[in-house]
Amino acid sequence: MKALITYILILLFSFFANAQQTTVSGKVQDNTTKEALPYVSVAIKDSTLKTVAGGITDDHGIFRLEELPIGKMTITFSFMGYQPLTQQLEVISGRTKIELEVISLHSDAIQLNAVEINSEKPNISLKLDKKVFEVGKDVLSQNGSAHDVLNGVPSVAVSPTGAVSLRGNSSVLVLINGRQSGLTQGNALDQIAADQIERIEVITNPSSRYDAAGSAGIINIILKKNKKSGFSGQVRLVAGSPNDSRLNPSINYKSDKVNIFSNFSIRSSDYVGLYTTNQSSINNGVPTLMNRVQNENRHDDGKLLYIGADYFINEHQTITTAFLKNATHDNDKTHLLYDYNDDANTAVDSTLARHGKSLEKRDYSQLEFNYTRTFKQPEKKWTIDMQYDWWNSNKKWDLLTQRLSPTLLNYPGIRTSSIGSSKDFLIKSDFIQPIDSTGVLEFGIKTEIRKVSSDFLAEQEQNNIWATYQDIDNHLKYAETISGAYTQFSNKAGHFTYMLGLRAEMTQVSISDIKNTYSDEKNYNKLFPTINMSYKFDHAALQLNYSKRINRPDLYELYPFNELTDLNAQYIGNPDLNPSYSDVFELAFLKTWKKLTLNPSVYYQREKGYIQDYTYRENDIFFTTPINIDYEIRSGIEFSVLYNPLKWLQVNAEINFYRFDQKGTYQQKNLDYSGETFTGRLSTQIKLPAKFSFQGRYNFRGAQQNAQTKNAVLQSLDFGLSKILLKDKATIVFDITNAFGLRQNKSTTTGNDYLFTENNIPNAARYRLSFVYRFNLTDPKVIRQANSANRN
């Protein structure tokens, strides 16, 4: 396979190397702030004023026009809010590359006061190593959290418990502004307001610039940045049922030398869950039936503060510092009712009830530092990033158990305590060096050091004295060091663009406990090659990508202690779990017309050491733990379409069908299985009179199955209605998520001597009403584009 890929690349490079042409490139910036200007129109005309080439600048203000004829011409730069600029350009025979000096555009105050800016970026764009989805003005992307936004992105899904998956694979790395963050752990993404997100980058085959983690790929959440001079910001109020009260003020200040940004969030939310289980098992040849009903009421309080500043030392040097603080306090209550009998035809012979109350406090802090150095040469850039974060958590459970029939009996109380802390330090540096007008060399290094400690204690009350329960009293220490370095080269020949990269990562992991039950050290040293190729047609692009990925077990999957909330089932981590490695191939096509965008793709992935959950029965308790199997092969086809038949109507549809083959054994049980499934999503947005907008979204996931568990079809409906008012300074939004309570996770698990079915409804239907007021919408002097060098 490697020899074949090398041969194909040699042929492609030989073919395109013979096509000589003249290209002109450069960078466009704001004359006052020296900030890069994206989406500037660039046009080259000959002496007869005929346009011979044209295009727009990219996100970094860079433009590149090709296949220019020989002769004298003019090149014009135009952008709304700025005075157009025209200068002479001459193409001489034998000169194939022309690099212009940095182009500075002057703001046009008169035009800014007279024009109304109503254009929007395309909803979807296909870049060399990623797909970019603009959040835009979707109704359902304004009222909720980051979870609601992700649920509207093609290929992405978020479970009711907050787990993010890409193409049905939960092994995905989630980043915020290109960096790992504590807000991507657990359910913390729910703290980020949806209207603070600018776009989502879906990277199914990341280049070597990115970490190799995540076999499914990377999801990069880009937050909005301050784009206005002076003071600006907004205030957002949300009320919902079940209770979902939020206050999100943000305020920013920007001048020629500094850009200060801040965001604050206060949240109080209630979640109502219902879980049922019907179980049949055989004990010593006697069948036993058990029915369980669990009612759950969860209450979460959260506070988030994010504040920072960009300091522009000069036109080429910028320093960014930021501080993030996220504190949550959860108060959960659960009630479980168990009915037992020995025969399906007989009445219940015993009933147990368990009441649980949980209090959990989590505190996460993060410090960021970035130094960015640009140069006169366009695209040349050097960055240094440092990040230090630390968190503490303290969770306590109080459990009371009673036998209600045939006779009343109170069992001894049980309580558990889980105290954890973590410290994580990261430092990295990246350098981008253009070789010529089309070739770019990039390289970088990175080191991340993480240390985690956790204490877990379970106690039972005996004669008013609390004693250790089932010998559960332990202290876990986990240390992880990941060091990496990469280099990649990209170039362009005509309409063909390629990027070749290689990343090396060295991982050292140690896990131990005070009892020396779990003591292990592991080293993972691997090379991760990447290939990204693209060919552009007229309003179309074709991509072929390959990458090697690693899926490292997260701490939750390694954590060997287990909560005791459920009498019948427990989840425990596996300290012996190993990482899995994937080879991922993808062919994608993007075609845009005036009213229609099509984006089909096919993909193939082979994951060695695939991680999946395994359920077994021991002492009448069902334990679920993650294990490694030999491999999983997954191949599929994905199709997305965006259709705007009318100015007031937009339809977005997607479908993803894939087949998988799994092979492996565990505890002498054969886990080989083959199957297929598909997911789909249909979204419609309608612009109504009087600045009203309506959006509806239907989500569908087909039945899924492995050697042990079959998951039934999962579907849901979401609706939203918005109204713009107060001269476009305010928006009011009403939305319904999980309308009619359709989102129910139904599954059936079978074993040698048991079978149980479950129906889990973690969240009931939710109704929300929000009000957003924005101030300083327009600047009387200048509208500036954001400096994206540091926080992107």
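For the structure, check the block above.
Since the model is a prediction, treat every value here as computed from it, not as a measurement.

Visitor: Go over the overall build of the protein chain with me, naming the residues and quoting the values.
Guide: A tally of helices and strands in the protein chain yields four helices and 47 strands. The proportion of buried residues among the 792 residues of the protein chain is 51%. Across the protein chain, the fraction of contacts at a sequence separation of at least 24, relative to all contacts at a separation of at least 6, is 66%. As presented, the protein chain carries roughly 36600 Å² of accessible surface, and 56% of it is formed by carbon and sulfur atoms.

Visitor: Tell me about the pairing of strand β31 (residues 580-592), residues and numbers included.
Guide: Where strand β29 (residues 540-551) meets β31, twelve bridges bridge the pair, whose relative direction is antiparallel. Bridging from a neighbouring strand, N551 pairs with S580 of β31. Here β31 pairs with strand β32 (residues 596-608) via ten bridges, running antiparallel. For K591, the partnering residue across the bridge sits in β32 and is L598.

Visitor: Describe the sheet that holds strand β30 (residues 569-571), with residues and values.
Guide: In space, the three strands of this open sheet follow the order β30-β34-β33, with mixed pairing throughout. What marks the edges here is a single partner per strand, and that holds for β30 and β33 (611-618). Here the strands of the sheet are splayed against their neighbours by 25° on average, with no regard to which way each runs. The pairing of β30 with strand β34 (residues 621-628) spans three bridges and is classified as parallel. Looking at β34, one finds that Q570 is bridged to F623.

Visitor: Explain the sheet that holds strand β5 (residues 71-78) to me, and be specific about the residues and the numbers.
Guide: Taken together, four strands build an open sheet; the order of strands is β3-β2-β5-β6 and the sheet is antiparallel. Sheet topology places β3 (51-56) and β6 (85-91) at the edges, where each strand pairs with a single neighbour. Averaged over neighbouring strand pairs, the angle between their axes works out to 20° when direction is ignored. Pairing analysis gives five bridges linking strand β2 (residues 41-45) to β5, with the strands arranged antiparallel. Across the sheet, residue K45 finds its bridge partner in β5, namely T74.

Visitor: Hey, could you go over the pairing of strand β40 (residues 692-701) for me, with residue numbers and the actual values?
Guide: Across ten bridges, strand β39 (residues 673-688) lies against β40 in antiparallel orientation. Paired with I686 across the bridge in β40 is F694. Following β39, the chain reverses through three residues before pairing antiparallel with β40; A690 in that reversal takes a positive phi of roughly 60°. In this structure, β40 lies alongside strand β43 (residues 714-725), joined through ten bridges in antiparallel fashion. Among the inter-strand pairings, F694 is bridged to a residue of β43, identified as L721.

Visitor: Could you give an account of the environment of T749, with specific residues and numbers?
Guide: On the secondary structure map, T749 appears in strand β45 (residues 745-750). The class of T749 is buried, set by a relative accessible area of 3%. Sequence separation between T749 and N706 is 43 residues; the distance between their C-alpha atoms is 9.6 Å. Those residues within four positions of T749 in sequence are excluded, and the remaining contacts are T615, Q708, T709, Y754, L755 and F756.

Visitor: Could you give an account of the nonpolar core, with specific residues and numbers?
Guide: One finds Y478 and L564 to be the most contacted residues of the largest nonpolar core, which totals 24 residues. Sorting the residues of this core by element identifies β22 (381-405), β25 (440-462), β26 (465-493), β27 (496-513), β28 (520-537) and α4 (555-558) as the ones contributing at least two each. Sorting elements by how many residues they give to this core places β26 first, with four residues. With residues up to four places along the chain from it excluded, the contact list for Y478 reads R450, K451, V452, V509, S510, I511, L555 and L558. Ranked by size, the runner-up nonpolar core spans 23 residues in total, among them V156, L166, I197 and V202.

Visitor: With reference to specific residues and values, describe unusual backbone geometry.
Guide: Along the chain, S241 connects to P242 via a cis peptide bond; the corresponding omega equals -5°. Locating P242 in the fold gives a position in the loop between β16 (230-241) and β17 (244-254). The peptide bond linking S405 to P406 adopts the cis configuration, its omega dihedral lying at 10°. Here P406 is to be found in the loop between β22 and β23 (409-410). The backbone of N619 sits at a positive phi, close to 55°, despite the residue not being glycine. Residue placement: N619 occurs in the loop between β33 and β34. The class of N619 is exposed, set by a relative accessible area of 70%.

Visitor: Outline the packing of aromatic side chains, listing residues and values.
Guide: Counted under the stated rule, the structure contains 23 aromatic pairs. With a centroid separation of 4.7 Å and an interplanar angle of 40°, the aromatic rings of Y546 and F585 are classed as tilted. With Y546 in strand β29 and F585 in strand β31, the pair connects residues that are 39 residues apart, well separated along the chain. Looking at Y546, the relative accessible area reads 12%, which means it is buried. For the ring pair F622 and Y754, a centre distance of 4.9 Å and an interplane angle of 75° mean the geometry is edge-to-face. Pair noted here: F622 is in strand β34 and Y754 is in strand β46 (residues 754-761), with a separation of 132 residues, a long-range link. Each member of the pair, F622 together with Y754, is buried. Between the NZ or CZ atom of K380 and the centre of the ring of F375, over which it lies, the distance is 4.6 Å. Positioned above the aromatic ring of Y581, the side-chain terminus of K526 is 5.1 Å from the ring centre.

Visitor: Describe a nonpolar patch on the surface, and please don't skip the residues or the numbers.
Guide: Among the surface-exposed residues, F537, L542, L544, L587, V602, I637, F639, I655, F657 and F678 lie close enough to one another that they form a single nonpolar patch of about 810 Å² accessible area. The set of elements that each furnish at least two residues to the nonpolar patch consists of β29, β35 (631-646) and β36 (649-663). Tracing the sequence through the fold places F537 in strand β28. For F537, a relative accessible area of 44% corresponds to the partly exposed category.

Visitor: Please provide a residue-by-residue account of the pattern of salt bridges, values included.
Guide: One pass over the structure, following the stated rule, counts 33 salt bridges. Residues E586 and R167 are paired through a salt bridge, measuring 2.6 Å at the closest nitrogen-oxygen approach. On the criterion of sequence distance, the pair formed by E586 in strand β31 and R167 in the loop between β12 (164-166) and β13 (172-176) is long-range, its members being 419 residues apart. Accessibility classification places E586 together with R167 in one group, the buried group. A salt bridge links R681 to E654, with the shortest nitrogen-to-oxygen separation between them at 2.6 Å. Residue R681 is found in strand β39, and its partner E654 is found in strand β36; the two are separated by 27 residues along the sequence.

Visitor: Break down the environment of D342 for me, with residues and values.
Guide: Within the secondary structure, D342 sits in the loop between β20 (317-341) and β21 (350-374). Taking the relative accessible area as the measure of exposure, D342 reaches 44% and is therefore partly exposed. Residue contacts for D342: discarding those within four places in its chain leaves P287, T288 and D349.

Visitor: So what's going on with the side chain of S582? Residues and values would help.
Guide: Looking at the element boundaries, S582 is found in strand β31. Judged by its relative accessible area of 0%, S582 is buried. In contact with S582, other than residues within four places in its own chain, are S215, S547, K548, R549, Q605, R606 and E607.

Visitor: Outline the side chain of D310, listing residues and values.
Guide: Relative to the helices and strands, D310 resides in strand β19 (residues 286-314). A residue is classified by how much of its surface remains accessible, and D310, at 1% relative accessible area, is buried. Within the structure, the side chain of D310 is placed 2.5 Å from the side chain of T320, a separation counted as a polar contact.

Definitions and cut-offs
Residues numbered from 1 in each chain as written. Predicted model: local features only at pLDDT ≥ 70, side-chain atom pairs only at ≥ 80, totals over all residues. Heavy atoms only, no water. Helix = DSSP H or I, 4+ residues; strand = E, 2+ residues; numbered from the N terminus. Buried < 20%, exposed > 50% of the residue type's maximum accessible area, 1.4 Å probe, protein only. Contact = heavy atoms within 4.5 Å. Areas by Shrake-Rupley, 256 points an atom, 1.4 Å probe, with all protein chains shown as cover. Pairing = 2+ DSSP bridges. Axes fitted to C-alpha atoms, helices over the stretch in contact; angles between N-to-C directions. Core = buried A, V, L, I, M, F, W, Y, C linked by side-chain atoms within 4.5 Å. Phe/Tyr/Trp six-rings, centres within 6.5 Å; stacked < 30°, edge-to-face > 60°. Lys NZ or Arg CZ within 6 Å of the ring centre and 35° of its normal. Patch = residues over 30% accessible without salt bridge, like charges linked within 9 Å, V, L, I, M, F, W, Y side chains within 5 Å. Salt bridge = Lys/Arg side-chain N within 4 Å of Asp/Glu carboxyl O. Polar contact = N/O pair within 3.5 Å; in protein donor to acceptor, adjacent residues only side chain to side chain.

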